[in-house]
Amino acid sequence: MVAFDVERMVRRMVDAGAPRELAVTVADEVEAAVGGLATREDVQLLRAELHEALHAQTWRLVTFGVALAAVVVAAIAGIVAALV
């Protein structure tokens, strides 16, 4: 999650002339708004997980394709053998 320093924002707003109560309220709202945002590390981790899942799915599809091709070849061989 995105790190947000509430105390720093409050201090800067108060130093700029805002009433402390307003500064605290605004800082809390900003923290609530950005608290659920993903960091670059979160996105990189998700990307790695998705890449791994895609690789596994691709391997399953290739395996299924090869097995299906083997069944089709065996069926054709059986039909040819029956006709000869």
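Source: prediction; values computed, not measured.

Some remarks on a nonpolar patch on the surface
There is a patch of nonpolar side chains on the surface, built from Phe64, Leu68, Val72, Ile76, Ile79, Val80, Leu83 and Val84 and spanning about 860 Å² of accessible area. Along the chain, Val84 falls in the segment after α3 (40-83).

A few points about the packing of helix α1 (residues 6-15) against helix α2 (residues 20-34)
Relative orientation of the contacting elements α1 and α2 amounts to 145°, with a least axis distance of 9 Å. Handedness of the crossing formed by α1 with α2: right-handed. On α2, the residues that touch Val6, Glu7, Met9, Val10, Met13 and Val14 of α1 are Arg20, Leu22, Ala23, Val24, Val26, Ala27, Asp28, Val30 and Glu31. Considered class by class, the residues forming the contact of α1 with α2 number eleven nonpolar, no polar and four charged.

Some points on the environment of Val10
Tracing the backbone through its elements, the reader meets Val10 in helix α1. It is 86 Å that separates the C-alpha atoms of Val10 and Ala82, two residues lying 72 residues apart in sequence. Setting aside its immediate chain neighbours within four residues, Val10 contacts Arg20, Ala23, Val24 and Ala27.

What counts as what
Residue positions within a chain follow its written sequence, with the count starting from 1. Totals for whole chains, interfaces and linings use every residue, but because this is a predicted model, local features are given only for residues with pLDDT of at least 70 and side-chain atom pairs only at 80 or more, for both listing and counting. Based on all heavy atoms of the structure, the side-chain values leave hydrogens and waters out of the count. Patches draw on residues past 30% relative accessible area with no salt bridge. Two like charges within 9 Å are joined, as are two nonpolar side chains (Val, Leu, Ile, Met, Phe, Trp, Tyr) within 5 Å. Where accessible areas are quoted, they stem from the Shrake-Rupley method and a 1.4 Å probe; at the residue level, only the protein chains shown are allowed to cover. A pair is scored as a salt bridge if a Lys or Arg side-chain nitrogen falls within 4 Å of a carboxyl oxygen belonging to Asp or Glu. A run of H or I in DSSP becomes a helix once it reaches four residues, and a run of E becomes a strand once it reaches two; helices and strands are each numbered from the N terminus. For every element, the axis is a line fit to its C-alpha atoms; helices are fit only across the contacting stretch, and the angle between N-to-C directions ranges from 0 to 180 degrees. Helix crossings are classified by the rotation of the near helix relative to the far one: an anticlockwise turn of less than a right angle makes the crossing left-handed, while a clockwise turn makes it right-handed. The contact criterion used is simple: two residues touch if any of their non-hydrogen atoms lie within 4.5 Å. When residues are grouped by polarity, Ala, Val, Leu, Ile, Met, Phe, Trp, Tyr, Cys and Pro land in nonpolar, Asp, Glu, Lys and Arg in charged, and all others, Gly among them, in polar.

Note that every value here comes from positions in space, so none of it alone points to a role or purpose.
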